[in-house]
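Per-entry structural report
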Amino acid sequence: MERIQSQEQFQAKITDEGYTVMKFDATWCPDCKNMDRFIGDVIKDYPDKKFFAVDSEQFEEFADKYEVKGIPSLLVFKNGEKIAHLHSKFAKTPAQIREYLDTIKA
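Fair warning: this is a prediction, and the values are worked out from it, not measured in the lab. (Residues numbered from 1 in each chain as written. Predicted model: local features only at pLDDT ≥ 70, side-chain atom pairs only at ≥ 80, totals over all residues. Heavy atoms only, no water.)

1. Section: unusual backbone geometry
Our working definition: Comment: elements are numbered from the N terminus, with helices defined as DSSP H or I runs of at least four residues and strands as E runs of at least two. In this scheme, a residue with accessible area under 20% of its type's maximum is buried, one over 50% is exposed, and one in between is partly exposed, where area comes from a 1.4 Å probe on protein chains only.
Each neighbour pair has its own omega, and for Ile71 with Pro72 the value is -5°, a cis peptide bond. Its location among the elements puts Pro72 in the loop between helix H3 (60-65) and strand E4 (73-78). For Glu67, which is not glycine, the phi torsion reads 60° and is therefore positive. In this fold, Glu67 is placed in the loop between H3 and E4. Although it is not a glycine, Asn79 adopts a positive phi angle of roughly 55°. Secondary-structure assignment places Asn79 in the loop between E4 and strand E5 (81-86). Overall, Asn79 belongs to the exposed group, its relative accessible area being 56%.

In short, shape yes, function no, at least from these values alone.
Put into structure tokens, the structure is as follows:
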């Protein structure tokens, strides 16, 4: 999963056509590392969505703006608007993430 490197890149990706999933995480977060072990297989099942990782500490202004209260959190954007948010407490297993992503249809 490509990691966001700048504010400009973040803005460009969330305004891309289609669905963009931003995984907010942090380098010290054990739940984030656990998700990293299985998220690749989940991503393969959703070719209609683009996935990116965002360091919530490096881009704290985005974490605040989009109400990221726990990590890892998965936020879905379409046309620059946040349309869905999977909070960390519901993002522990591949099944939970697939169930969440299945609710977001093209």
